[in-house]
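# Working through the structure, step by step
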Amino acid sequence: MTSAQSSRYSKYIRPISIVFDLLVIAILGIYFFEGLVLKFNTYIGYLLISWSVIAFLIKFYDVYRFTTPVEIITKILKQCSLFSLLIIAYYPFTQEVVFNENAVLFYVVFCTSIITIFKFLLFYYLKKYRIITGSNYRNVVIIGHTEESVRLKELFEERNDYGYRFLGYFSNKSKSPEVSGNLEDLK
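Residues numbered from 1 in each chain as written. Predicted model: local features only at pLDDT ≥ 70, side-chain atom pairs only at ≥ 80, totals over all residues. Heavy atoms only, no water.

## Here we look at the overall build of the protein chain
Under the convention used in this document: Counting from the N terminus, the helices are the DSSP runs of H or I reaching at least four residues and the strands are the DSSP runs of E reaching at least two. The cut-offs for exposure are 20% and 50% of the maximum accessible area for each residue type, with area from a 1.4 Å probe on protein chains only; residues under the lower value are buried, those over the upper are exposed, and the others partly exposed. Note on contacts: a residue pair is in contact if any heavy atoms of the two residues lie within 4.5 Å. Computed with the Shrake-Rupley method and a 1.4 Å probe, the accessible areas treat only the protein chains shown as cover for residues.
In terms of regular secondary structure, the protein chain is built from seven helices and three strands. Across the protein chain, helices and strands are ordered from the amino to the carboxyl terminus as α-α-α-α-α-β-α-β-β-α. Buried positions account for 37% of the 187 residues belonging to the protein chain. Across the protein chain, every contact between residues at least 6 apart in sequence was considered, and the portion connecting residues at least 24 apart equals 68%. Total accessible area on the protein chain is roughly 11900 Å²; 65% of this is exposed by carbon and sulfur atoms.

Set out below in structure tokens:
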């Protein structure tokens, strides 16, 4: 294992986020629905599966270093809207649950609030972590030297919160002093 592989912890971020969200859904489900549901474990399982299926379909956990806060808010609104619909849709098909609109409303509001706060704290903490420590960077090179590649380099340098470290241009066509080498040198 190389040192680059041993220090990468970003692979744990998504599973931590998923487990946190599922715990919030289960714990708040216990708190809000315990006295209203006869087959309680089945209902909690339904909530967890519903959340997971929706998250998979709308790619709720596909948040990257370049994702914007507006995209995150959009994902949260989609996820929580569809989840609310599936919660409400459960009631007409079963006789074992007493529908309580206040319990459903408070459950959805609390779940949405806690998950939103956690998602944004994690998102902004990782951005600050990259800036402050200078770690968790991804090294990038640009193949080719054009106007677009120069603008991309400027983006990498201006937006250090994205966590990209520009190493150089590589091109067979351009002989600019900014070009670090040709494509053979890249290997």
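Back to the write-up after that little detour.
## Some details on the nonpolar core
Rules: Residues enter a nonpolar core if they are buried and are Ala, Val, Leu, Ile, Met, Phe, Trp, Tyr or Cys, with the set joined through side-chain atoms within 4.5 Å.
If you look at the biggest cluster of nonpolar residues, it comprises 31 residues, and the most contacted ones within it are I25, F33, L47, W51, F83, I87 and Y107. Top element by residues in this core is helix α5 (residues 101-133). It accounts for eight residues. Those residues in contact with I25, other than ones at most four positions away along the chain, are L47, L48, W51, F83, Y107, C111 and I115. F156, Y162, Y164 and F166 belong to the second-largest nonpolar core, a separate cluster that totals eight residues.

## Quick look at unusual backbone geometry
A positive phi angle, close to 60 degrees, is found at K59, a residue other than glycine. Within the secondary structure, K59 is located in the loop between α3 (40-58) and α4 (69-90). Residue classification places K59 among the partly exposed residues on the basis of a relative accessible area of 47%.

## A short note on the packing of aromatic side chains
We count it as follows: The rule is short: rings of Phe, Tyr and Trp, with Trp giving its six-membered ring, pair when the centres are within 6.5 Å, and they are stacked under 30 degrees, edge-to-face over 60, tilted in between. Note on geometry: a ring has a charge over it if NZ (lysine) or CZ (arginine) is within 6 Å of the ring centre and within 35 degrees of the ring normal.
By the definition in use, this model includes 17 aromatic pairs. Note on F32 and Y107: the rings are 6.2 Å apart at their centroids and 75 degrees apart in plane angle, and the pair reads as edge-to-face. Placement of F32 in helix α2 (residues 13-33) and of Y107 in helix α5 is noted, with a sequence separation of 75 residues between them. Y107 shares its class with F32; the two are buried. Taking 6.3 Å as the distance between ring centres and 25 degrees as the angle between the ring planes, the aromatic pair formed by Y43 and Y46 counts as stacked. On the criterion of helical spacing, the pair formed by Y43 and Y46 is a turn pair, its members being three residues apart in helix α3. Here K119 stacks its cationic end above the ring of F60, 4.2 Å away from the centre of that ring.

## Regarding the sheet that holds strand β1 (residues 138-143)
What counts here: If DSSP finds at least two bridges between two strands, the strands pair. Angular values range over 0 to 180 degrees, each being the angle between N-to-C directions of two axes fitted as lines to C-alpha atoms, with helices fitted over their stretch in contact.
The strand order across the open sheet formed by three strands is β1-β2-β3, and the pairing between neighbours is parallel. The outermost strands of the open sheet, each flanked by one partner alone, are β1 and β3 (179-181). Mean inter-strand twist for the sheet, computed between neighbouring axes without regard to direction, equals 50 degrees. Two elements, strand β2 (residues 164-170) and β3, share two bridges in a ladder whose sense is parallel. Bridge assignment links Y169 to a residue of β3, and that residue is V179. Packed on one face of the sheet, helix α6 (residues 147-158) meets β1 and β2 and runs near 155 degrees to β2.

## Considerations on the environment of F56
Note on placement: F56 falls in helix α3. For F56, a relative accessible area of 66% corresponds to the exposed category. It is 10.0 Å that separates the C-alpha atoms of F56 and Q79, two residues lying 23 residues apart in sequence.

## Some remarks on the pattern of salt bridges
Quick note on the threshold: Salt-bridge detection follows one rule: a side-chain nitrogen of Lys or Arg within 4 Å of a carboxyl oxygen of Asp or Glu.
Inspection of the entire model under this criterion finds three salt bridges. When the shortest N-O distance is used, the salt bridge between R14 and D62 registers 3.7 Å. With a gap of 48 residues between them, R14 in helix α2 and D62 in the loop between α3 and α4 connect regions that are remote in the sequence. Taking the relative accessible area as the measure of exposure, R14 reaches 34% and is therefore partly exposed. According to the relative accessible area criterion, D62 is partly exposed, its value standing at 23%. Here E147 ties to R151 by a salt bridge, and the two come within 3.9 Å at their closest N and O atoms. Taken together, the positions of E147 and R151, both in helix α6 and four residues apart, correspond to about one turn of that helix. A residue is classified by how much of its surface remains accessible, and R151, at 48% relative accessible area, is partly exposed.

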